[in-house]
Amino acid sequence: MKVAAKAYLVRKPDLVYTDKGTAIWKTAVAVQGRERGKDESLFVEVLAFGGLAEALAEADLKKGDLVQMEGRLQTETYEAKEGGKKTRLTLVLDGLAVVVRAKKAEGEVKEEAEEDFPPPEALPF
């Protein structure tokens, strides 16, 4: 299923390589949503491969950055450490862009985002 979403990074991205030399860029995001008057966050694992992975690693993204993503949404089932099976959502990226940021006069960074998104410091992580 193809999706596009704005989300906040919940951890610093990591670049790793497989034994065969394929680059894999990994992180996780929190997508804000509203349902029946309640604010809800959906946490999604994010992966990119090959040249896209290496290009994203050079972008030096960090926890709290607001990004616009596009890719294929899929589910993964895995064995939990405490036993039992768990399922997680994973977005395999086709593209990603950092939402434009404007600098304030004091040198602080202000993110230009939709009003529906809370600031990173208001997120529960």
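Residues numbered from 1 in each chain as written. Predicted model: local features only at pLDDT ≥ 70, side-chain atom pairs only at ≥ 80, totals over all residues. Heavy atoms only, no water.

Looking at an unreviewed UniProt entry, one finds the protein chain named Single-stranded DNA-binding protein, with Thermus aquaticus as its source organism.

J.: What's the story with the side chain of aspartate 65 in this structure? I'm lost.
T.: Along the chain, aspartate 65 turns up in the loop between α1 (50–58) and β5 (66–79). With relative accessibility at 4%, the residue aspartate 65 sits in the buried group. In terms of polar contacts, aspartate 65 uses its side chain to reach the backbone amide nitrogen of lysine 62, at 2.9 Å. (Helix = DSSP H or I, 4+ residues; strand = E, 2+ residues; numbered from the N terminus. Buried < 20%, exposed > 50% of the residue type's maximum accessible area, 1.4 Å probe, protein only. Polar contact = N/O pair within 3.5 Å; in protein donor to acceptor, adjacent residues only side chain to side chain.)

J.: Would you mind showing me how to read the packing of aromatic side chains here?
T.: Centre distance and the angle of the planes are the two values used to describe a pair of aromatic rings. All chains considered together, the criterion is met by zero aromatic pairs. Residue placement shows arginine 88 over the ring face of tyrosine 78; its charged tip is 4.5 Å from the ring centre. (Phe/Tyr/Trp six-rings, centres within 6.5 Å; stacked < 30°, edge-to-face > 60°. Lys NZ or Arg CZ within 6 Å of the ring centre and 35° of its normal.)

J.: Quick question: what am I supposed to make of the side chain of threonine 27 here?
T.: Looking at the element boundaries, threonine 27 is found in strand β3 (residues 23–35). Polar side-chain contacts of threonine 27 include one of 2.8 Å to the backbone oxygen of arginine 11. Once residues lying within four places of it in the same chain are set aside, the contact partners of threonine 27 are Leu9, Arg11, Lys12, Pro13, Val44, Glu45 and Val46. (Contact = heavy atoms within 4.5 Å.)

J.: How do you make sense of unusual backbone geometry when you look at a structure like this?
T.: Trans peptide bonds make up most of the peptide bonds, and negative phi angles are found at most residues other than glycine. Phi is positive for aspartate 60, which is not a glycine, with a value near 55°. Counting through the fold element by element, aspartate 60 comes out in the loop between α1 and β5. According to the relative accessible area criterion, aspartate 60 is exposed, its value standing at 56%.

J.: Please clarify how the nonpolar core should be interpreted in this entry.
T.: In globular proteins that are soluble, nonpolar side chains generally tend to be buried together. Judged by nonpolar contacts, the single largest core of 17 residues is most densely connected at Trp25, Val29, Met69, Leu93 and Leu96. Where this core is concerned, the elements lending two or more residues are β1 (2–9), β3, β4 (38–49), α1, β5 and β6 (85–98). At four residues, β3 tops the list of elements feeding residues into this core. Tryptophan 25 has contacts with Pro13, Asp14, Leu15, Val46, Leu47, Ala48, Ala53, Leu56, Ala57, Leu61, Leu93 and Leu96, leaving out every residue within four places of it along the chain. (Core = buried A, V, L, I, M, F, W, Y, C linked by side-chain atoms within 4.5 Å.)

J.: Explanation requested: the pattern of salt bridges in the structure shown.
T.: Any two side chains of opposite charge can pair, given that their charged atoms come close. This structure, assessed with the given rule, holds five salt bridges. For arginine 11, the salt bridge is made with glutamate 45, and the minimal N-O distance between the two is 2.8 Å. Of this pair, arginine 11 sits in the loop between β1 and β2 (14–17) while glutamate 45 sits in strand β4, and the two are 34 residues apart along the sequence. For glutamate 45, a relative accessible area of 25% gives the class partly exposed. The residue lysine 12 makes a salt bridge to aspartate 60 at a minimum N-O spacing of 3.9 Å. Note that lysine 12 is positioned in the loop between β1 and β2 and aspartate 60 in the loop between α1 and β5, a separation of 48 residues in sequence. (Salt bridge = Lys/Arg side-chain N within 4 Å of Asp/Glu carboxyl O.)

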